Amino acid sequence: MSPKALTPLLNVTDLHKSFGTNKVLRGIDFSVRSGEVLALIGPSGSGKTTALRCLNGLESPDSGVVSFAGGPEVAFQPGLPAKKAQVLRDRSAMVFQGHHLFPHLTVLQNVTIGPLQVQRRPREEVMARANELLERVGLEQKSSDYPSSLSGGQQQRVGIVRALMLQPDLLLFDEPTSALDPELVGEVLSVIKELAQEGWSMVLVTHELAFARDVADTVVFMDDGVVVEHGPAAQVLGNPTHERTKAFMQRLLHPF
Amino acid sequence: MDSLWQLALDSLWPMVSGALTATIPLAIISFALGLAVALMVALMRISTNKVVSGIARGYISIIRGTPLLVQLFVIFYGLPSVGITIDPWPSAIIAFTLNVGGYAAEIIRAAILSVPGGQWEAGYTIGMSKTRTLYKLILPQAARVAIPPLSNTFISLVKDTSLASMILVTEMFRRAQEIAATTYEFMLLYMEAAAIYWVICLVLSAVQDRMESRLEKYVA
Ligand SMILES: Nc1ncnc2c1ncn2[C@@H]1O[C@H](COP(=O)(O)OP(=O)(O)OP(=O)(O)O)[C@@H](O)[C@H]1O
Ligand SMILES: [Mg+2]
């Protein structure tokens with residue numbers, strides 16, 4: 001694994017979130033260093049997606065702090081206007097499980113609308129970057145097609161380019177391959193792996209333990225709204241110390 | 001028999017010109033204004049603010065729950081008794097606009113809600129505000145869902161403009177009534193008016209069909 005810088009990038013402190021009486025996050029803490037790939041794993045319903053969405057201001061936790069080195073820092077509290085959390089999107093970009101591409105826009109428009117219309121970057125620079133990234137993920141031929149004419153794996157790669165185009169410091173992936181047919185998983189994972197090797201910082205929610213072991217520097221295992229185990233990938237995945245982590249991996253490795 | 005044909009021919013142009021100068025402009029203007037009202041009401045109706053959505057709900061309920069003819073009469077014959085007098089044309093436009101606003105609001109609301117929630121979130125994550133997400137991402141997608149039922153609303157409106165004859169707007173049907181009143185050929189003239197409405201609607205339906213098949217191509 002490449003040597004990583006030790007500069008802190010993101011600090012998450014004591015996130016709490018309830019949906020009604022359902023306490024989904026019960027005090028989540030973790031941090032991400034610059035260039036680090038952090039895999040967030042855990043059983044279904046443990047709160048991984050919710051935690052990830054908090055980092056992008058898509059979910060408002062009841063309390064807790066999400067803080068990027070050099071800002072912004074958002075201290076959540078009930079009634080905090082949604083606008084206050086929007087600033088987190090200056091630093092992070094999200095790749096959704098179901099890609100959520102814009103069906104009425106072409107591939108090129110999908111990946112450039114944010115930089116052009118929101119960030120107001122120069123058109124030439126944006127177009128050049130878009131073409132470069134689309135080529136990188138093997139989709140330069142598809143730039144004027146509509147998303148519906150692409151395969152699931154291609155759509156997800158466009159989703160990744162759309163996130164990259166925002167020039168975030170942190171990429172957030174929520175199970176980027178779990179909605180895909182098995183034969184399409186590899187093409188998406190290999191793009192993510194390349195990005196990891198290039199030094200992109202990312203938080204990756206995944207059920208692909210082999211992939212996590214391959215690309216992640218650290219692994220956070222969540223269960224029932226708390227972080228049960230947090231450590232180097234090889235240790236958490238290869239030699240977990242907590243019973244709940246062990247049990248979870250047993251179930252994933254031997255489902256039958 | 002010859003004189004009947006002659007009358008039909010002679011009255012054709014006055015009626016067609018009534019359609020061109022009144023029926024169709026009235027429908028187009030009211031529809032355009034009505035869509036703007038409808039979009040506003042639809043957004044109010046979706047609002048999480050209970051008062052705002054309650055007002056929209058009440059408006060829609062009143063418009064849909066009362067006859068268009070009564071709405072026209074209230075505006076043209078009713079308002080003067082509280083000191084507000086509005087000419088026939090503006091009265092008709094106001095009534096039709098409010099009417100379209102009520103019906104189209106429900107269509108637009110349903111179309112907006114039919115766009116998956118993930119599209120809003122995708123807009124937010126690329127840095128867009130709620131308003132910008134609505135206009136740039138949600139409404140263009142909602143339009144595809146809304147256009148077929150909205151075209152039906154427009155076709156109904158074209159026919160409904162005949163009610164404006166009741167408040168002295170000289171649109172096509174009023175021309176038919178005027179000619180019939182002097183010639184006593186009611187059957188002929190009303191059938192002729194019906195035929196002209198029918199032709200207009202046939203044309204509009206054809207346009208609608210083409211638009212829908214183009215939309216389908218775009219979506220698939
Ligand atoms: N918008 C919401 N409203 C109500 N409950 C929610 C909402 N989003 C998530 N939940 C609940 O929060 C809990 C955690 O959900 P979350 O999606 O974060 O889990 P997860 O770890 O990502 O699970 P999975 O592996 O299945 O994706 C679940 O019980 C879920 O039902
Ligand atoms: Mg999830």
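The structure displayed is predicted, hence computed values, not measured ones. (Residues numbered from 1 in each chain as written. Chains lettered and ligands numbered in written order. Predicted model: local features only at pLDDT ≥ 70, side-chain atom pairs only at ≥ 80, totals over all residues. Heavy atoms only, no water.)

**A look at the confidence of the model for chain B**
Turning to step 1, where the next piece is worked out: Of all residues in chain B, 98% attain a pLDDT of 70 or more, and the chain-wide mean is 93.
Turning to step 2, where the next piece is worked out: We note a pTM of 0.87 for the whole complex and an ipTM of 0.90 for its interfaces. (pLDDT = per-residue confidence, 0-100.)

**Thoughts on the site of ligand 1**
Residues and elements named next belong to chain A.
Turning to step 1, where the next piece is worked out: In the region of ligand 1, 13 residues are neighbours, and S44, G45, K48, T49 and T50 sit closest.
Turning to step 2, where the next piece is worked out: Within the backbone of S46, one N or O atom sits 3.2 Å away from an oxygen atom of ligand 1.
Turning to step 3, where the next piece is worked out: E175 places a polar side-chain atom, nitrogen or oxygen, 3.3 Å from an oxygen atom of ligand 1.
Turning to step 4, where the next piece is worked out: Against a free-state accessible area of 630 Å², the protein chains account for coverage of 60% of ligand 1. (Near = heavy atom within 4 Å. Polar contact = N/O pair within 3.5 Å; in protein donor to acceptor, adjacent residues only side chain to side chain. Areas by Shrake-Rupley, 256 points an atom, 1.4 Å probe, with all protein chains shown as cover.)

**Points about the UniProt feature "domain: ABC transporter" (unreviewed entry) in chain A**
Turning to step 1, where the next piece is worked out: UniProt records the feature "domain: ABC transporter" (unreviewed entry) at residues 10-249 of chain A, using the numbering of this structure.
Turning to step 2, where the next piece is worked out: Split by type, residues 10-249 of chain A is 37% helix and 27% strand. Its first and last C-alpha atoms lie 27 Å apart. (UniProt positions renumbered as here; feature names shortened; annotations may be inferred. Helix = DSSP H or I, 4+ residues; strand = E, 2+ residues; numbered from the N terminus.)

**Quick look at the sheet that holds strand β1 (residues 8-19) of chain A**
Two modes of strand pairing occur in sheets, parallel and antiparallel, and in both the strands are linked by backbone hydrogen bonds.
Residues and elements named next belong to chain A.
Turning to step 1, where the next piece is worked out: The strand order across the open sheet formed by 4 strands is β2-β1-β4-β5, and the pairing between neighbours is antiparallel. On the outer flanks of this sheet lie β2 (22-33) and β5 (73-76), each paired with one strand and no other. When strand polarity is set aside, the average angle formed by the axes of neighbouring strands in this sheet is 10 degrees.
Turning to step 2, where the next piece is worked out: Of the strand pairs in this sheet, β1 and strand β4 (residues 63-68) are connected by 5 bridges, and their pairing is antiparallel. In the strand pairing of β4, L10 is matched with F68. (Pairing = 2+ DSSP bridges. Axes fitted to C-alpha atoms, helices over the stretch in contact; angles between N-to-C directions.)

**Details of helix α2 (residues 50-65) of chain B**
Given 3.6 residues per helical turn, the α-helix brings residues three or four places apart onto the same face.
All names here are of chain B.
Turning to step 1, where the next piece is worked out: The end-to-end C-alpha distance of α2, which contains 16 residues, comes to 21 Å, matching closely the 22 Å that a straight helix rising 1.5 Å per residue would cover.
Turning to step 2, where the next piece is worked out: All of the buried residues in α2 are S53, A56, Y59, I60 and I63. Seen from one end, α2 has its buried residues packed into an arc of 120 degrees, which puts them on one side. More than 90 degrees from the buried face of α2, the exposed residues found are K50, V51, I55, I62 and G65.
Turning to step 3, where the next piece is worked out: Turning to α2, the residues buried within the fold contact α1 (2-46), α3 (68-78) and α4 (88-114).
Turning to step 4, where the next piece is worked out: Structurally, the start of α2 carries an N-cap: the backbone nitrogen of V51 is 2.9 Å from a side-chain oxygen of N49. (Expected span 1.5 Å × (residues − 1). Buried < 20%, exposed > 50% of the residue type's maximum accessible area, 1.4 Å probe, protein only. Arc of directions from axis to C-beta. Contact = heavy atoms within 4.5 Å.)

**Some words on the UniProt feature "domain: ABC transmembrane type-1" (unreviewed entry) in chain B**
Turning to step 1, where the next piece is worked out: The positions that UniProt labels "domain: ABC transmembrane type-1" (unreviewed entry) are, in the present scheme, residues 20-208 of chain B.
Turning to step 2, where the next piece is worked out: Across residues 20-208 of chain B, the secondary structure splits into 83% helix and 0% strand, with the terminal C-alpha atoms separated by 20 Å.

**Describing helix α7 (residues 172-183) of chain B**
Residue and element names in this part refer to chain B.
Turning to step 1, where the next piece is worked out: Taking 1.5 Å as the rise per residue, α7 with 12 residues should run 16 Å; its terminal C-alpha atoms sit 17 Å apart, in good agreement.
Turning to step 2, where the next piece is worked out: If you check which residues of α7 are buried, you get M172, A176, I179 and A180. In an axial view of α7, the angular spread of the buried residues amounts to 100 degrees, which keeps them on one side of the axis.
Turning to step 3, where the next piece is worked out: Capping the start of α7 is the job of one residue whose side-chain oxygen sits 3.0 Å from the backbone nitrogen of F173: E171.
Turning to step 4, where the next piece is worked out: Of the residues flanking the end of α7, it is Y184, one or two places downstream, whose phi is positive at about 65 degrees.

**Describing the sheet that holds strand β10 (residues 226-232) of chain A**
All names here are of chain A.
Turning to step 1, where the next piece is worked out: Here we have 6 strands laid out as an open sheet, ordered β6-β7-β8-β3-β9-β10, and mixed in their pairing. With one partner strand each, in any of the chains shown, β6 (92-95) and β10 form the two edges of the open sheet. Here the average twist between neighbouring strands, direction ignored, is 15 degrees.

**Digging into a nonpolar patch on the surface**
Turning to step 1, where the next piece is worked out: On the surface, a cluster of nonpolar side chains totalling about 420 Å² of accessible area is made up of B:L69, B:F73, B:Y77, B:M166 and B:L168.
Turning to step 2, where the next piece is worked out: Along the chain, B:L69 falls in helix α3. (Patch = residues over 30% accessible without salt bridge, like charges linked within 9 Å, V, L, I, M, F, W, Y side chains within 5 Å. Salt bridge = Lys/Arg side-chain N within 4 Å of Asp/Glu carboxyl O.)

**Considerations on the interface of chain A and chain B**
Turning to step 1, where the next piece is worked out: Opposite the 21 residues of chain A that make contact, chain B presents 19 residues.
Turning to step 2, where the next piece is worked out: Taking both partners together, chain A and chain B bury about 1800 Å²; carbon and sulfur atoms supply 59% of that area.
Turning to step 3, where the next piece is worked out: Its largest share of buried area at the contact with chain B, chain A owes to A:F102, A:H104 and A:V118, together 30% of the area lost on that side.
Turning to step 4, where the next piece is worked out: The interface formed by chain A and chain B holds 1 salt bridge in total.
Turning to step 5, where the next piece is worked out: Ionic pairing is found between A:R53 and B:E121, a salt bridge with its closest N-O pair at 2.6 Å.
Turning to step 6, where the next piece is worked out: Where chain A packs against chain B, one counts 4 residue pairs in polar contact (both at pLDDT 80 or more).
Turning to step 7, where the next piece is worked out: Take the side of chain A that touches chain B: its biggest share by element is 4 residues, from helix α3 (residues 107-118) of chain A. (Buried area = accessible area lost by both parts, 1.4 Å probe.)

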